[in-house]
Amino acid sequence: MLQGDIILIAIVLVLNIGLFILAGIAEKFVTSKWRVCYAVPAVICLVIVTFTGFEPAMLGAYIGALLPLAGYLKDSKPVRRAASILSAAAALVSFVLCSNWAGYRAADYADDFKTAFTSMKQHYILAEHKGINWDELYAEYLPKFEAATKNHSETENYKAWLEFSSEFRDGHVGYVPDGNYEALAEKLYNEIFGNDYGLSVMTLADGTNVAVNVDESLKAIGISNGTIITAWDGKNPADLGAELTKYSNMVFADKDNEMFYRAVYGSGVGSDTVTVAYLDKNGNEQSAVLPKLGSYYSGRMKSTLEIINGGIDTGHLMWTDINDKTVALRLKLMMFDSDSMKSDNMDRFKTSVLMKIEELQQNTQVENIILDMRDNMGGSGSMVQALAEIFTPAGEHYYCTDGLWDAENKCYATDPETGKYLEGTKNFYTGEGIWKGQVIILVNANSVSAGDHTVVVMDEFDNITVMGFTEPNGSAQGIGGVYLDNGMFQFSSALLLDENGDISVDSGVDFESGDDVEIKIPFDSEAVTALFDNNEDYLLNKALEYLETK
Amino acid sequence: MGNIIKSQFYQLKKYKLIFFSLVGITALLTAVPVIFDSFGAYEELLTGSEYFAGGSVLMGQLLMAMYVAVAVAMICGGDFPDKTANYELMSGHLRRDIYLGRAVVAYITAVAGWFIISFTPVIVMTAINGWGDDISVADTAFRALLMLFPLTRMVCEFVMLTFLIKNPYVTMCGGYFFIMVSGMISETIPDGFAFMSFANLMKIGTVNAWVTYGLHDGGNFTYAPYLPADVIAQTIIVSVIVGAAALYLGYIFFKNDDMN
């Protein structure tokens, strides 16, 4: 039960005991002032309900708070005592009802969906670009939220939101539930992603599915990291995963990224057992019936993704010496501190990087800097600009173009004939050519938003190379959001265009985003061995290999 | 009751505190945006609609609520310390007439003052920079009309409080405390805004805004002028019930009070 409701019921009970006694005292010591005491429960109830909100199951408690007003209106001991008894009884009935009724303080998820949908339909800037059919989406998803409301199920609600968000193929579209949503997500993902059978499956660059992150128990039957998996209960695990990638906590905005991870997502599909077909060391096809070991998401899927996606194990904005010639700067966000976020002034960030660069140039042989932006969750465009100013050659360079705002119609202006967004302010920055050496930017599919911006802004220069197993996420528009009763929903609402006046980065109906890596590191058997057998940072090693050639 | 109402209106002249509160608060809330606007402190011209939709009307809500507390406390409670109300009883007036007569005058004074304080800056900014297009006049008028309900309820609550305490200055202190606490918590109240008159006023006075921005631009505001039906319904229903109850409970107390 809600704390406020418990407090209200307790207060009503205690006060009515007091008022019951007071009725006798008031009869002996006559004054009209006693009646004020019989209004106290009602006033307290009003104050508490202000904080807790109205709840039908608490009607008994509300009545219990209001009934003593009979003692206010009527200066009579029998009336006052009867009111106190009835009030206490009503409050107790409320307590029992609230404690046992599933509908107590039940969330209205359908109402939240309608609120978010209305807002998104009005403000989402990529609807045409992505070919969104609002009516179809509404008809498909409203019943899911209504079912979640009827079943009082927060997991059904969250699941429906994940499905709805994935329809947009936009990394900026997402729902965050109130409260401890990590626990909720864990619970839901364990339901969705099935069972841990002792391995995950990844698709190599050549299309072969291989086992990764294999449990020791499977080595006895010849399955280890790199073992080729030919079927999963008779099916391609990547195909099984195709239906599950929509539940990723980072919406896939590019089809290549989505396909990269499909097999991992499908590696929990099955019942109490799963029949896995694989090639043994001699290349002969074998089959094994693997029992479930537990939940796949908590058990293995999370760790598999962490191994594939993980960056240098250090804090945000921390420098790491890699070797005599190379240092790395870990960028988990495009944020520096709260002051700079408020003021949008990144001078202090820039100064901190410049000081480090000066130290490197004066005191070391360092020639290369790796900007590790794997799992970079985005942030400030000003920080992207500050970073670009340091590492790009001297001169004016293009960043992006704002959409043209139509102040009269309160929307972004479009060409009446073509429907294309019109260009507003073009944004440039001035590269200062401070760092003369090589720069490698490491990304993955979770490098999103300002992470995407960094790639788009910086990858055209000879001294900067973007590398990764996959492209960055592919979601670069500005974000807006709406607060709901049970969470928050965000989506792309601030328009950014490229030099050609087209939508910057974000994929359209073709599911192909507009930013890419210069060097896509193949996820092959060598990568599997390095990552899962040797616990190496394979991408970092590949970056170092590349730098040796420069 | 008519004579009591007339005499209370006549007595308003001697309540300088009400007059100075009204004029002072109105002048302050009008001067601030005019001065800021003249110095170019706002990114764009502050039109009348921007002033209302942007929430500037809400900035002075604490002061406006204090004005209501002052007006009601002085009108309803001003005649108790000097026993004027006792003399009215002795001269044959009904307690009902004494109570309602003062309540009517307090209501008219408080509500009129509230709208003068709230909308003088809007009118002045409109005269200087035009109405603008952030929110229509009709939507603004609708919200102003809806504000009458929690405002009426607030007046009824202060009337009840004044007749309970029978000291205008103690009532003003109590009102000040209530308003300060309401002001501090009103933004944190998720669903129960309708149960606190001050929070209800803030809710109606807040026009939801959507902001879009360029890479380095400040922001383009789009205001959503409509109020959800449940907000309107809760405002009206709760305000009517609680306001009527407060007025009635205040009367019951006064009716049975020994007036010492």
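Everything discussed here concerns the structure shown above.
Residues numbered from 1 in each chain as written. Chains lettered and ligands numbered in written order. Predicted model: local features only at pLDDT ≥ 70, side-chain atom pairs only at ≥ 80, totals over all residues. Heavy atoms only, no water.

Novice: Help me get a handle on the overall build of chain B, residues and values and all.
Specialist: In terms of regular secondary structure, chain B is built from 11 helices and 2 strands. In chain B, the succession of α and β elements from N to C terminus is α-α-α-α-α-α-α-α-α-α-β-β-α. In summary, chain B has a C-alpha radius of gyration of 20 Å against a globular reference of 18 Å for 260 residues, a match within 12%. Overall, chain B is about 75 × 35 × 30 Å in size when its C-alpha atoms are taken along their principal axes. Buried positions account for 51% of the 260 residues belonging to chain B. Contacts in chain B between residues far apart in sequence, at least 24 positions, make up 81% of those at least 6 positions apart. Carbon together with sulfur atoms contributes 69% to the accessible area of chain B, which is approximately 11500 Å² in total. The centroid of the 13 positive side-chain charges in chain B is displaced by 20 Å from the centroid of its 18 negative side-chain charges. (Helix = DSSP H or I, 4+ residues; strand = E, 2+ residues; numbered from the N terminus. Rg over C-alpha atoms; globule rule 2.2 N^0.38 Å. Buried < 20%, exposed > 50% of the residue type's maximum accessible area, 1.4 Å probe, protein only. Contact = heavy atoms within 4.5 Å. Areas by Shrake-Rupley, 256 points an atom, 1.4 Å probe, with all protein chains shown as cover. Lys, Arg positive; Asp, Glu negative; His and termini not counted. Charge placed at Lys NZ, Arg CZ, Asp CG, Glu CD.)

Novice: Any chance you could break down the environment of Met373 of chain A for me, citing the residues and the numbers?
Specialist: Position of Met373 of chain A among the secondary structure elements: in the loop between strand S11 (368-372) and helix H15 (381-391). Along the chain, Met373 of chain A and Gly234 of chain A lie 139 residues apart, while their C-alpha atoms are 38 Å from each other.

Novice: Describe in detail the packing of aromatic side chains, supporting the description with residues and values.
Specialist: All told, the structure shown has 50 aromatic pairs over all chains when counted by the stated rule. Judged by centre distance (6.2 Å) and plane angle (75 degrees), the rings of Phe252 of chain A and Tyr265 of chain A are edge-to-face. Here Phe252 of chain A is found in the loop between helix H10 (237-242) and helix H11 (255-266), whereas its partner Tyr265 of chain A is found in helix H11, with 13 residues between them in sequence. Residues Phe252 of chain A and Tyr265 of chain A agree in their burial class; the two are buried. Aromatic pair Phe115 of chain B and Phe119 of chain B: ring centres 5.8 Å apart, planes at 15 degrees, arrangement stacked. Here Phe119 of chain B and Phe115 of chain B lie together in helix H7 (residues 95-129), a separation of 4 residues that amounts to about one turn. A relative accessible area of 21% means that Phe115 of chain B is categorised as partly exposed. (Phe/Tyr/Trp six-rings, centres within 6.5 Å; stacked < 30°, edge-to-face > 60°.)

Novice: Quick one: what's the story with the packing of helix H8 (residues 137-165) of chain B against helix H11 (residues 229-256) of chain B, residue by residue and with numbers?
Specialist: Residue and element names in this part refer to chain B. Packing of H8 against H11 leaves a shortest axis separation of 8 Å and a crossing angle of 20 degrees. One finds that H8 runs roughly parallel with respect to H11. Helix-helix and strand crossings are classified by hand; for H8 and H11 the assignment is left-handed. Residues that form the contact of H8 with H11 fall into these classes: 19 nonpolar, 4 polar and 2 charged. (Axes fitted to C-alpha atoms, helices over the stretch in contact; angles between N-to-C directions. Parallel < 35°, antiparallel > 145°, perpendicular 65-115°, else oblique. Left-handed = near helix turned anticlockwise from the far one by under 90°. Nonpolar A, V, L, I, M, F, W, Y, C, P; charged D, E, K, R; others polar.)

Novice: Report on H7 of chain B, specifying residues and quantitative values.
Specialist: Along its 35 residues, H7 of chain B runs 51 Å from first to last C-alpha, staying within 8% of the 51 Å computed at 1.5 Å per residue. The principal kink in H7 of chain B, of about 35 degrees, is found at Phe119 of chain B, preceding the proline Pro121 of chain B by one to four residues. (Expected span 1.5 Å × (residues − 1). Bend = angle between axes of the 7 residues up to and from the residue.)

Novice: Give a description of the nonpolar core that names residues and reports values.
Specialist: Leu8 and Tyr72 of chain A together with Ile18, Tyr67, Val68, Val72 and Val159 of chain B are the most contacted members of the largest nonpolar core, which totals 100 residues. Setting aside residues up to four positions removed in sequence, Val68 of chain B forms contacts with Ala110, Trp114, Leu151, Met154, Val155 and Phe158 of chain B. (Core = buried A, V, L, I, M, F, W, Y, C linked by side-chain atoms within 4.5 Å.)

Novice: Break down the sheet that holds strand S7 (residues 285-291) of chain A for me, with residues and values.
Specialist: Through backbone hydrogen bonds, the strands of a sheet pair up, either in parallel or in antiparallel fashion. Residues and elements named next belong to chain A. Reading across from one edge, S5-S6-S7 is the order of the 3 strands in this open sheet, with antiparallel pairing throughout. The strands lining the two open edges of the sheet, one partner per strand, are strand S5 (229-232) and S7. Going across the sheet, the axis of each strand differs from the next one's by a mean of 25 degrees, ignoring polarity. In the sheet, strand S6 (residues 273-279) pairs with S7 via 7 bridges, with the strands oriented antiparallel. Residue pairing in the sheet places Thr273 in a bridge with Pro291 of S7. (Pairing = 2+ DSSP bridges.)

Novice: An account of the pairing of strand S12 (residues 395-403) of chain A is requested, with residue identities and associated values reported.
Specialist: Residues and elements named next belong to chain A. Burial of S12 is extensive: 7 of the 9 residues sit out of reach of the surface. Pairing between S12 and strand S20 (residues 496-497): 2 bridges, direction antiparallel. If you follow Asp402 over to S20, its bridge partner there is Leu496.

Novice: Tell me about the pairing of strand S19 (residues 487-494) of chain A, residues and numbers included.
Specialist: Every regular strand shows the same layout, with side chains that alternate between the two sheet faces. All names here are of chain A. Of all the 8 residues making up S19, 6 are buried; the element is thus mostly covered by neighbouring parts of the structure. By the bridge criterion, 4 bridges tie strand S1 (residues 174-177) to S19 in an arrangement that is antiparallel. Pairing of Pro177 across the sheet is with Gly487, part of S19. By the bridge criterion, 7 bridges tie strand S18 (residues 478-484) to S19 in an arrangement that is antiparallel. Counterpart to Val482 in the pairing with S19 is Phe489. Linking S18 back to S19 in an antiparallel pair, the connection comprises 2 residues.

Novice: Tell me about the state of the cysteines, residues and numbers included.
Specialist: Counted under the stated rule, the structure contains 0 disulfides over all chains. The thiol sulfur of Cys411 of chain A is not disulfide-bonded, and the nearest other cysteine sulfur, from Cys400 of chain A, lies at 20 Å. In this structure Cys156 of chain B is not part of a disulfide, and its nearest cysteine sulfur, from Cys76 of chain B, lies 10.0 Å away. (Disulfide = S-S within 2.5 Å.)

Novice: I'd like a rundown of the environment of Val72 of chain B, residues and numbers included.
Specialist: All names here are of chain B. Inspection of the secondary structure assignment puts Val72 in helix H5 (residues 61-77). C-alpha separation for the pair Val72 and Met172, spaced 100 residues apart in sequence, amounts to 8.8 Å. Setting aside residues up to four positions removed in sequence, Val72 forms contacts with Gly77, Ala106, Ala110, Val155, Phe158, Val159 and Thr162.

Novice: Lay out the side chain of Arg330 of chain A in plain terms, naming residues and giving numbers.
Specialist: Residues and elements named next belong to chain A. Inspection of the secondary structure assignment puts Arg330 in strand S10 (residues 326-330). Among the polar contacts listed, one links the side chain of Arg330 to the backbone oxygen of Ile312, at a separation of 3.1 Å. Those residues within four positions of Arg330 in sequence are excluded, and the remaining contacts are Gly311, Ile312, Thr314, Gly315, His316, Leu317, Met318, Asp372, Met373 and Arg374. (Polar contact = N/O pair within 3.5 Å; in protein donor to acceptor, adjacent residues only side chain to side chain.)

Novice: I'd like a description of the interface of chain A and chain B, backed by residues and values.
Specialist: With 39 residues of chain A in contact, the opposing surface of chain B contributes 32 residues. Approximately 2900 Å² of surface area, both sides summed, lies buried where chain A meets chain B, with 62% of it carried by carbon and sulfur atoms. At the junction of chain A with chain B, the criterion picks out 3 salt bridges. Grouping the constituent residues of the side of chain A that touches chain B by class yields 17 nonpolar, 15 polar and 7 charged. (Buried area = accessible area lost by both parts, 1.4 Å probe. Salt bridge = Lys/Arg side-chain N within 4 Å of Asp/Glu carboxyl O.)

Novice: Explain a negative patch on the surface to me, and be specific about the residues and the numbers.
Specialist: Residues Asp108, Asp111, Asp178 and Asp485 of chain A together with Asp230 of chain B make up a contiguous surface patch of negative charge. With respect to the secondary-structure elements, Asp485 of chain A resides in the loop between S18 and S19. By relative accessible area, which is 51% here, Asp485 of chain A ends up exposed. (Patch = residues over 30% accessible without salt bridge, like charges linked within 9 Å, V, L, I, M, F, W, Y side chains within 5 Å.)

Novice: Describe the pattern of salt bridges, and please don't skip the residues or the numbers.
Specialist: Think of it this way: side chains of opposite charge can pair up when their charged atoms draw near. Residue and element names in this part refer to chain A. Inspection of every chain in the model, using the stated rule, returns 31 salt bridges over all chains. Put simply, Arg300 and Asp196 hold a salt bridge, and the shortest N to O gap is 2.8 Å. Here the residue Arg300 occupies a position in helix H12 (residues 296-309), and Asp196 occupies one in strand S2 (residues 195-196), the gap between them amounting to 104 residues. Judged by relative accessible area, which is 5%, Asp196 ranks as buried.

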